[in-house]
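Remarks on the overall topology
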Amino acid sequence: MKVVKKIKEMQKLADKYRTQKKIIGFVPTMGYLHEGHLSLVRIAKKKSDICVVSIFVNPLQFGPQEDYHIYPRDFPRDKKLLKVLGVDIIFYPEVKEMYPEEQLTFVQVRKLSEGLCGRSRPGHFEGVATVVAKLFNIVKPHIAVFGQKDYQQAVIIKKMVKDLNFDVKIIIAPTVREKDGLACSSRNIYLSEKERKEAVVLYQSLLLAKEMITKGERNPEEIIKEMKKLITTKSSGKIDYIEIVDADTLQPIKEIRGKVCIALAVFFDKARLIDNILVQSG
Ligand code: AMP
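Quick look at the structure, then. (Residues numbered from 1 in each chain as written. Predicted model: local features only at pLDDT ≥ 70, side-chain atom pairs only at ≥ 80, totals over all residues. Heavy atoms only, no water.)

In terms of burial, strand 9 (residues 271-280) is largely enclosed, as eight of its 10 residues are buried. Remark: two residues form the turn of the hairpin made by strand 8 (residues 259-268) and strand 9, two consecutive strands paired antiparallel; Asp269 in that turn has positive phi of roughly 55 degrees. (Buried < 20%, exposed > 50% of the residue type's maximum accessible area, 1.4 Å probe, protein only. Helix = DSSP H or I, 4+ residues; strand = E, 2+ residues; numbered from the N terminus. Pairing = 2+ DSSP bridges.)

Printed below as a string of structure tokens:
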């Protein structure tokens, strides 16, 4: 397994593999890897000849009051985990390698970026789309795997790829959860023992929503009301948003119909946790 820190070296390797007709599979991450990330790597490996994982905490996607500086990092541990999985290359650039001078070019995916997390994190998805576009031009993958855990992000990247004609196939992989249902996240490390226990209520509220839909509830407001009740009575979490949106357009809906995404963001002190499920209603 090679650790590549320079863009030019990564591009040269990608060109070499492409000349050899090797399929490049890619998983972009911010490191501090958990089972969720590892599941994406396993999928990428299965579908490619050369598996590249990037580890880069991208300053562009963090707001000024957000956790960029304290975001957990542990490269030696990540490296060991990826070696065990048989990853071929870790692309691990420094910030000044990715942004050597002021970046004046940004990728904005309108509409899809405006609601949900985009509303509470202005500029976030512009930062994400921009760094992913850069990474695609550096790693030159045929396939890239993203997690459903960040569903809005995955939908935005798919649209960016379509609109800008990137020659990359995007795969969205299922959310990996801890035994009690909490979605794996690098940010779970911020939780105190008490908050960690309480945080299971997020997934429980999503399951409650799914059950209500299965039983015939079609009014999103009724469902959101019950979810809020559950979260606020069973935890100290502060709800940022709970929304039910069309799974393709990410626009809020007045009536549950077709495939919907139930998404939430909840603060447990400084930890902002997100989760979602997709539900196919009748
Ligand atoms: P991050 O390091 O948080 O930027 O995440 C890197 C990739 O891992 C993104 O595509 C995420 O959607 C994905 N990911 C994060 N958590 C999970 C999870 N629990 N299950 C599946 N994929 C995940």
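Let's pick the thread back up.
We now examine the site of the ligand. The environment of the ligand is formed by 17 residues, the closest being Met30, His37, Asp150, Val176 and Cys184. Gly147 is positioned such that a nitrogen or oxygen atom in its backbone is 2.9 Å from an oxygen atom of the ligand. Contacts to the ligand include Cys184, whose backbone N or O atom sits 2.9 Å from a nitrogen atom. For the shell around the ligand, the secondary structure elements donating two or more residues are strand 2 (24-29), helix 2 (35-46) and strand 5 (143-147). Class assignment for the residues of the shell around the ligand results in eight nonpolar, seven polar and two charged. (Near = heavy atom within 4 Å. Polar contact = N/O pair within 3.5 Å; in protein donor to acceptor, adjacent residues only side chain to side chain. Nonpolar A, V, L, I, M, F, W, Y, C, P; charged D, E, K, R; others polar.)

Going through the model one piece at a time under the given rule, you end up with zero disulfides. Here Cys117 stays unpaired: no disulfide links it, and the sulfur of Cys261, its closest cysteine neighbor, is 10.0 Å away. In this model Cys184 remains outside any disulfide bridge; the closest cysteine sulfur is found in Cys117, 18 Å from its own. Of the residues examined, Cys184 reaches a relative accessible area of 6% and is grouped as buried. (Disulfide = S-S within 2.5 Å.)

Across a sheet, strands are paired by hydrogen bonds formed along the backbone, either parallel or antiparallel in direction. Spatially, the three strands line up as an open sheet ordered 7-8-9, and their pairing is antiparallel. A single partner strand is all that each edge strand has here, and the edge strands are strand 7 (238-246) and strand 9. With strand direction ignored, the average angle separating the axes of adjacent strands in the sheet is 10 degrees. (Axes fitted to C-alpha atoms, helices over the stretch in contact; angles between N-to-C directions.)

All right, on to the nonpolar core then. Of all hydrophobic cores here, the largest spans 50 residues; its most connected members are Val52, Phe91, Met98, Phe136, Ile157 and Met160. Leaving out residues up to four positions away in the same chain, Met160 has contacts with Val107, Val109, Ala129, Val132, Ala133, Phe136, Asn165 and Phe166. Counting 32 residues, the second largest nonpolar core, distinct from the first, contains Phe62, Leu202, Val260 and Ala271. (Core = buried A, V, L, I, M, F, W, Y, C linked by side-chain atoms within 4.5 Å. Contact = heavy atoms within 4.5 Å.)

Attention now moves to helix 1 (residues 7-19). Over its 13 residues, helix 1 extends 18 Å from the first C-alpha to the last, a length consistent with the 18 Å expected when each residue adds 1.5 Å. All buried positions along helix 1 are accounted for by Ile7, Met10, Gln11, Leu13, Ala14 and Tyr17. Within helix 1, the buried residues cover an arc of 160 degrees as seen down the axis, which keeps them to one side. Facing away from the buried side of helix 1 by over 90 degrees, the exposed positions are Lys8, Lys12 and Thr19. Where helix 1 is buried, its residues meet strand 1 (2-4), strand 2, strand 3 (50-55), strand 4 (89-91), helix 4 (95-98) and helix 6 (124-139). Once helix 1 ends, the next one or two residues include Lys21, with phi positive near 65 degrees. (Expected span 1.5 Å × (residues − 1). Arc of directions from axis to C-beta.)

Below, the discussion takes up the packing of aromatic side chains. Taken as a whole, this structure holds six aromatic pairs when the rule is applied. Relative to Tyr68, the ring of Phe62 lies with its centre 5.4 Å away and its plane at 65 degrees, an arrangement referred to as edge-to-face. When sorted by exposure, Phe62 lands in the same class as Tyr68, which is buried. Here the aromatic rings of Phe136 and Phe166 are separated by 5.7 Å at their centres, their planes lie at 70 degrees, and the arrangement is edge-to-face. Placement of the pair is Phe136 in helix 6 and Phe166 in the loop between helix 7 (151-163) and strand 6 (169-173), with a sequence separation of 30 residues. The cationic tip of Arg73 hangs over the ring face of Tyr68; the distance from NZ or CZ to the ring centre is 5.1 Å. Just above the ring of Tyr32 sits the side chain of Arg77; from NZ or CZ to the centre is 5.7 Å. (Phe/Tyr/Trp six-rings, centres within 6.5 Å; stacked < 30°, edge-to-face > 60°. Lys NZ or Arg CZ within 6 Å of the ring centre and 35° of its normal.)

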